[in-house]
Amino acid sequence: MRTDGSTTLEPLRRGLPPTDPATITASASITLPARYEAVGSARHFTRATLRQWQLDGCFDDVALVVSELVTNALRHALPSDVARDPNIPPVRLQLARCSTRLVCAVRDPSRESPMAGEAEDSAESGRGLFLVESFSDSWGWHPAPAPGAGCRSRAPHGKVVWAAFLLTNADEPADDSR
(Lines give C-alpha, C1' and ligand atoms only; values in the text may rest on other atoms or scores of the structure.)
Protein backbone atom coordinates (compact mmCIF):
# COMPACT_ATOMS: atom_id res chain seq x y z
CA MET A 1 0.00 0.00 0.00
CA ARG A 2 1.32 3.43 -0.85
CA THR A 3 0.35 6.91 0.18
CA ASP A 4 1.89 9.49 -2.08
CA GLY A 5 2.28 13.26 -1.89
CA SER A 6 -1.34 13.89 -2.85
CA THR A 7 -2.57 12.45 0.44
CA THR A 8 -1.28 12.63 3.97
CA LEU A 9 -1.40 10.27 6.89
CA GLU A 10 -3.43 12.51 9.20
CA PRO A 11 -1.83 11.52 12.54
CA LEU A 12 1.56 12.58 11.17
CA ARG A 13 0.28 15.86 9.68
CA ARG A 14 0.83 17.84 12.85
CA GLY A 15 4.34 16.55 13.37
CA LEU A 16 5.74 13.44 14.94
CA PRO A 17 4.95 11.41 16.93
CA PRO A 18 1.28 10.81 16.10
CA THR A 19 -1.07 12.98 18.14
CA ASP A 20 -2.73 10.12 20.04
CA PRO A 21 -0.20 9.42 22.82
CA ALA A 22 -1.95 6.16 23.71
CA THR A 23 -0.63 4.53 20.51
CA ILE A 24 3.01 5.49 21.06
CA THR A 25 5.11 3.06 23.01
CA ALA A 26 8.50 4.64 22.22
CA SER A 27 10.04 7.48 20.21
CA ALA A 28 13.60 8.53 19.40
CA SER A 29 15.14 11.13 17.12
CA ILE A 30 18.51 12.38 15.94
CA THR A 31 19.65 15.51 14.13
CA LEU A 32 21.94 14.71 11.23
CA PRO A 33 24.56 17.00 9.68
CA ALA A 34 24.45 17.97 6.00
CA ARG A 35 27.11 15.42 5.05
CA TYR A 36 26.75 12.06 3.31
CA GLU A 37 28.41 10.38 6.31
CA ALA A 38 25.12 11.12 8.08
CA VAL A 39 23.55 8.14 6.27
CA GLY A 40 25.82 5.78 8.21
CA SER A 41 24.99 7.62 11.44
CA ALA A 42 21.29 7.22 10.66
CA ARG A 43 21.71 3.46 10.16
CA HIS A 44 23.71 3.15 13.40
CA PHE A 45 21.04 5.14 15.29
CA THR A 46 18.32 2.95 13.76
CA ARG A 47 20.12 -0.28 14.73
CA ALA A 48 20.64 0.89 18.33
CA THR A 49 17.05 2.11 18.64
CA LEU A 50 15.48 -1.06 17.21
CA ARG A 51 17.72 -3.18 19.43
CA GLN A 52 16.59 -1.20 22.47
CA TRP A 53 12.94 -1.69 21.42
CA GLN A 54 13.59 -5.41 20.80
CA LEU A 55 12.75 -5.06 17.11
CA ASP A 56 16.06 -6.36 15.74
CA GLY A 57 14.24 -8.50 13.17
CA CYS A 58 12.95 -5.36 11.42
CA PHE A 59 16.39 -3.81 11.01
CA ASP A 60 17.23 -4.76 7.41
CA ASP A 61 14.07 -3.33 5.82
CA VAL A 62 13.92 -0.31 8.13
CA ALA A 63 17.62 0.51 7.64
CA LEU A 64 17.27 0.38 3.86
CA VAL A 65 14.30 2.78 3.98
CA VAL A 66 16.01 5.11 6.49
CA SER A 67 19.11 5.16 4.27
CA GLU A 68 17.05 6.09 1.21
CA LEU A 69 15.05 8.79 3.00
CA VAL A 70 18.16 10.40 4.52
CA THR A 71 20.07 10.17 1.23
CA ASN A 72 17.17 11.83 -0.62
CA ALA A 73 17.03 14.61 1.97
CA LEU A 74 20.75 15.24 1.66
CA ARG A 75 20.83 15.01 -2.14
CA HIS A 76 17.64 16.84 -3.09
CA ALA A 77 16.60 18.98 -0.14
CA LEU A 78 19.90 20.61 0.77
CA PRO A 79 21.26 22.36 -2.30
CA SER A 80 24.80 23.52 -1.71
CA ASP A 81 24.23 26.90 -3.38
CA VAL A 82 21.51 28.06 -0.94
CA ALA A 83 22.35 29.67 2.41
CA ARG A 84 20.78 27.81 5.32
CA ASP A 85 19.51 29.19 8.61
CA PRO A 86 22.02 27.87 11.20
CA ASN A 87 19.23 27.62 13.80
CA ILE A 88 17.35 25.03 11.75
CA PRO A 89 18.85 21.53 11.67
CA PRO A 90 19.30 20.35 8.10
CA VAL A 91 17.95 16.81 8.53
CA ARG A 92 16.19 15.12 11.44
CA LEU A 93 15.34 11.41 11.67
CA GLN A 94 12.60 10.26 14.02
CA LEU A 95 11.57 6.71 14.78
CA ALA A 96 8.25 6.14 16.54
CA ARG A 97 7.03 2.79 17.75
CA CYS A 98 3.28 2.65 17.95
CA SER A 99 1.08 -0.20 19.10
CA THR A 100 0.84 -1.77 15.64
CA ARG A 101 3.47 -0.03 13.52
CA LEU A 102 6.89 1.52 13.35
CA VAL A 103 7.15 4.93 11.68
CA CYS A 104 10.38 6.36 10.28
CA ALA A 105 10.25 10.04 9.40
CA VAL A 106 12.87 12.36 7.95
CA ARG A 107 12.41 16.10 8.16
CA ASP A 108 14.32 18.42 5.84
CA PRO A 109 14.14 22.15 5.04
CA SER A 110 12.88 21.80 1.46
CA ARG A 111 9.25 22.46 0.59
CA GLU A 112 9.53 20.48 -2.64
CA SER A 113 7.57 17.24 -2.74
CA PRO A 114 9.51 14.02 -3.17
CA MET A 115 9.23 12.65 -6.69
CA ALA A 116 10.00 9.16 -7.85
CA GLY A 117 12.33 9.18 -10.81
CA GLU A 118 12.46 6.91 -13.81
CA ALA A 119 15.85 5.25 -13.64
CA GLU A 120 17.31 3.38 -16.57
CA ASP A 121 18.17 -0.28 -15.96
CA SER A 122 21.90 0.50 -15.93
CA ALA A 123 21.59 3.54 -13.60
CA GLU A 124 23.24 3.33 -10.19
CA SER A 125 20.77 5.74 -8.57
CA GLY A 126 17.24 7.03 -8.99
CA ARG A 127 15.34 4.17 -7.36
CA GLY A 128 15.16 5.46 -3.77
CA LEU A 129 11.42 6.08 -3.52
CA PHE A 130 10.71 2.85 -5.39
CA LEU A 131 12.69 1.03 -2.67
CA VAL A 132 10.87 2.94 0.09
CA GLU A 133 7.54 1.92 -1.46
CA SER A 134 8.67 -1.69 -1.90
CA PHE A 135 10.03 -2.27 1.60
CA SER A 136 7.57 -0.28 3.74
CA ASP A 137 3.84 -0.85 4.15
CA SER A 138 3.04 2.77 3.35
CA TRP A 139 4.83 6.05 2.86
CA GLY A 140 4.03 9.67 2.25
CA TRP A 141 5.00 13.22 3.04
CA HIS A 142 3.55 16.43 4.39
CA PRO A 143 4.69 20.02 4.98
CA ALA A 144 6.40 20.46 8.34
CA PRO A 145 5.35 23.20 10.75
CA ALA A 146 7.97 25.76 11.77
CA PRO A 147 10.29 24.43 14.52
CA GLY A 148 8.95 25.11 18.00
CA ALA A 149 5.54 26.11 16.67
CA GLY A 150 3.84 22.87 17.63
CA CYS A 151 0.35 22.31 16.31
CA ARG A 152 -0.67 25.97 16.64
CA SER A 153 1.22 27.18 13.60
CA ARG A 154 0.41 25.91 10.15
CA ALA A 155 3.22 27.85 8.49
CA PRO A 156 5.19 25.20 6.63
CA HIS A 157 8.91 24.99 7.08
CA GLY A 158 10.25 22.15 5.03
CA LYS A 159 8.67 18.74 4.86
CA VAL A 160 8.51 15.36 6.57
CA VAL A 161 8.82 12.21 4.47
CA TRP A 162 7.70 9.13 6.37
CA ALA A 163 7.44 5.38 5.94
CA ALA A 164 5.40 3.01 8.10
CA PHE A 165 6.01 -0.65 8.84
CA LEU A 166 3.28 -2.85 10.29
CA LEU A 167 4.44 -4.77 13.34
CA THR A 168 3.40 -8.39 13.57
CA ASN A 169 3.43 -10.78 16.52
CA ALA A 170 6.77 -12.05 15.21
CA ASP A 171 8.20 -8.56 15.80
CA GLU A 172 7.24 -8.65 19.48
CA PRO A 173 9.76 -9.96 22.03
CA ALA A 174 9.22 -13.51 23.22
CA ASP A 175 7.50 -13.99 26.57
CA ASP A 176 10.17 -15.63 28.73
CA SER A 177 7.94 -15.89 31.81
CA ARG A 178 6.63 -19.36 30.88
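Residues numbered from 1 in each chain as written. Predicted model: local features only at pLDDT ≥ 70, side-chain atom pairs only at ≥ 80, totals over all residues. Heavy atoms only, no water.

### As for the overall build of the protein chain
1) Next: Helix and strand counts for the protein chain come out as four helices and five strands.
2) Next: Listed by position from the N terminus, the elements making up the protein chain come as α-β-α-α-β-β-α-β-β.
3) Next: Across the 178 residues in the protein chain, those meeting the buried criterion constitute 39%.
4) Next: Restricting the contact set of the protein chain to residue pairs at least 6 apart, pairs at least 24 apart contribute 70%. (Helix = DSSP H or I, 4+ residues; strand = E, 2+ residues; numbered from the N terminus. Buried < 20%, exposed > 50% of the residue type's maximum accessible area, 1.4 Å probe, protein only. Contact = heavy atoms within 4.5 Å.)

### Considering helix 4 (residues 128–135)
An α-helix turns once every 3.6 residues. As a result, residues three or four positions apart point the same way.
1) Next: Listed in full, the buried residues belonging to helix 4 are G128, L129 and V132. Looking straight down helix 4, one finds that the buried residues subtend no more than 95 degrees of arc, so they occupy a single side. (Arc of directions from axis to C-beta.)

### A short note on the packing of helix 2 (residues 38–52) against helix 3 (residues 59–76)
1) Next: Following both chains from N to C, one finds helix 2 and helix 3 inclined at 150 degrees, their axes separated by 9 Å at the closest point. Helix-helix and strand crossings are classified by hand; for helix 2 and helix 3 the assignment is right-handed. When helix 2 is examined against helix 3, the residues A38, V39, A42, R43, T46, R47 and L50 are found in contact with a partner set consisting of F59, V62, A63, V66, S67, V70, T71 and L74. (Axes fitted to C-alpha atoms, helices over the stretch in contact; angles between N-to-C directions. Left-handed = near helix turned anticlockwise from the far one by under 90°.)

### A look at unusual backbone geometry
1) Next: The phi angle at Q54 is positive, at roughly 60 degrees, despite the residue not being glycine.
2) Next: Along the polypeptide, Q54 turns up in the loop between helix 2 and helix 3.

### Some points on the nonpolar core
1) Next: If you look at the biggest cluster of nonpolar residues, it comprises 34 residues, and the most contacted ones within it are L50, W53, V62, V66, V70 and L93.
2) Next: Contributions of two or more residues to this core are made by strand 1 (24–32), helix 2, helix 3, strand 2 (91–98), strand 3 (101–108), helix 4, strand 4 (138–145) and strand 5 (156–166).
3) Next: The biggest single contributor to this core is helix 3, with nine residues.
4) Next: The next biggest cluster of nonpolar side chains, apart from the first, holds six residues, and it includes A105, V160, W162 and A164. (Core = buried A, V, L, I, M, F, W, Y, C linked by side-chain atoms within 4.5 Å.)

### Let's talk about the environment of A28
1) Next: Within the element layout of this structure, A28 appears in strand 1.
2) Next: Note: C-alpha distance between A28 and L95 (67 residues apart in sequence) is 5.4 Å.

### Section: the packing of helix 3 against helix 4
Two quantities define a packed helix pair, namely the angle between the axes and the distance from one axis to the other.
1) Next: Close contact between helix 3 and helix 4 brings their axes to 9 Å; oriented N to C, the two are set at 150 degrees. Judged on the interaxial angle alone, helix 4 and helix 3 are roughly antiparallel. Like other packed secondary-structure pairs, helix 3 and helix 4 cross with a definite hand, here left-handed. Here D61, L64, V65, E68, L69 and N72 of helix 3 come into contact with helix 4, specifically with G128, L129, L131, V132 and F135.
2) Next: Considered class by class, the residues forming the contact of helix 3 with helix 4 number seven nonpolar, two polar and two charged. (Parallel < 35°, antiparallel > 145°, perpendicular 65-115°, else oblique. Nonpolar A, V, L, I, M, F, W, Y, C, P; charged D, E, K, R; others polar.)

### Focus: the packing of aromatic side chains
1) Next: A complete count under the given rule lists zero aromatic pairs for this structure.
2) Next: Directly above the ring of F59 sits R47, whose terminal nitrogen or CZ lies 3.8 Å from the centroid. (Phe/Tyr/Trp six-rings, centres within 6.5 Å; stacked < 30°, edge-to-face > 60°. Lys NZ or Arg CZ within 6 Å of the ring centre and 35° of its normal.)

### A closer look at the state of the cysteines
1) Next: In the structure shown here, the tally under the stated rule is zero disulfides.
2) Next: Considering cysteine sulfurs only, C104 is the nearest to C58, which forms no disulfide, with 9.4 Å between them.
3) Next: Under the relative-accessibility criterion, C58 is labelled buried at 12%.
4) Next: When its relative accessible area of 0% is taken as the criterion, C104 is described as buried. (Disulfide = S-S within 2.5 Å.)

### Some details on the environment of W53
1) Next: Inspection of the secondary structure assignment puts W53 in the loop between helix 2 and helix 3.
2) Next: Through-space distance from the C-alpha of W53 to that of T25 is 9.3 Å; in sequence the pair is 28 residues apart.

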